[in-house]
Every structure is written in structure tokens, then in C-alpha cells.
Amino acid sequence: MKVNFLTLITLFFLNLSFAQITKYDDWDIAKQQSELKGKNILIILTGAEWCKPCVKMEKNVIENEQFIEYANQNLVILEINIPRNQNYNSKIMKDYVYFKDKYSTNALPVMILVDKNGTEKISLSDNLNSLEKVLERLKKYN
């Protein structure tokens, strides 16, 4: 019995250390999941491998266990992550331009909280490297 209990505790802590956010890269799938789960969609426009503010946001917010827990319980994540040398005719760039234009933003990174129909609730483009500020603003509008 001790072995089973210790195994369960070990698995529990391993599971915590590998917690991840489920992210979608297709609007139709994110919208479908939003409707199915009754959650708002958080659109994240980022260049996580080359944009310094994006890298900070990724490290300080997106990869933080508190954010992961909040996002998994309350949001559907649509991430448009632009690689360094992206072809301008690619789906990623077309999606980026579409959302950038639709929500009138030129910021990178930006988080845009929308309802299941895509109606904007709030756009966050400042203090995105502060977990506390991001969560505070998301919770206010979510």
C-alpha cells in the first residue's frame, strides 16, 4: 500500500511540473471549443522566438503555472506565433494580418480577449511580462 501511495504522490507532482496550456492555431477550432466549453477566447499574437517582449511574456506569463491553471480552466487559447523568417504568403502571416487588422493593433505581443463570436472584450499590449497584471485584467473582463 505504501508503494501505491508514493507512486500516486510522485505522479501528482510530476503532472504539476509538466502542466501546459492547450493552444490552438486555427480560429474555427478555437471558436468551436469556445462554444463547446462555454469559454472566452484569448487570442495571443506573438513572435516568441525572436521578439524580446514576446520572449519575456512567454517566460513570465504563458509558462507560469498560475497562468496555465487559469487559462486551462477559463479560456480557449488561440496563438498566432510568427517565426523569425516567415513567408508572407503563409497561413500564419495571413492569420496574423487578419487578427491584427480586425482588432486594430500593431503591437507585438498582444493578447485580445474575445467572446465565442469574436467580439472584443479587452486588448492587452502593455505589462505583458507581469503575471499579476495580466491575470488581474483578464479576470476583470472574463
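Placed above this text is the structure.
It should be emphasised that the depicted structure is a prediction, and the values quoted were computed from it without experimental measurement.

Asker: Hey, could you run me through the environment of I29 in this one?
Answerer: Its place among the elements puts I29 in helix 2 (residues 27–37). For I29, a relative accessible area of 39% corresponds to the partly exposed category. Once the C-alpha coordinates of I29 and V76 are considered, the two residues, 47 residues apart in sequence, prove to be 9.8 Å apart.

Asker: What exactly am I supposed to notice about helix 3 (residues 52–62) here?
Answerer: Residues spaced three or four apart along an α-helix point in a common direction, a consequence of the helix completing one turn every 3.6 residues. Every buried residue of helix 3 is listed here: C54, M57, E58, V61 and I62. Buried residues in helix 3, looked at end-on, bunch into an arc of 110 degrees, giving them a common side. Of the exposed residues in helix 3, the ones pointing more than 90 degrees away from its buried face are K52 and K59. Here the buried face of helix 3 lies against strand 1 (23–24), strand 2 (40–46), helix 4 (65–74), strand 3 (75–81), strand 4 (110–114) and helix 6 (131–141).

Asker: Can you help me understand unusual backbone geometry in this one?
Answerer: Phi is mostly negative for residues that are not glycine, and the peptide bonds are mostly trans. With omega at 0 degrees, the peptide bond leading from L108 into P109 counts as cis. Within the secondary structure, P109 sits in the loop between helix 5 (91–102) and strand 4. One non-glycine residue, S104, lies in positive phi territory at about 50 degrees. Structurally, the position occupied by S104 is in the loop between helix 5 and strand 4. Unlike most non-glycine residues, N127 shows phi in positive territory, near 60 degrees. Inspection of the secondary structure assignment puts N127 in the loop between strand 5 (120–124) and helix 6.

Analysis parameters
Residues numbered from 1 in each chain as written. Predicted model: local features only at pLDDT ≥ 70, side-chain atom pairs only at ≥ 80, totals over all residues. Heavy atoms only, no water. Helix = DSSP H or I, 4+ residues; strand = E, 2+ residues; numbered from the N terminus. Buried < 20%, exposed > 50% of the residue type's maximum accessible area, 1.4 Å probe, protein only. Arc of directions from axis to C-beta. Contact = heavy atoms within 4.5 Å.

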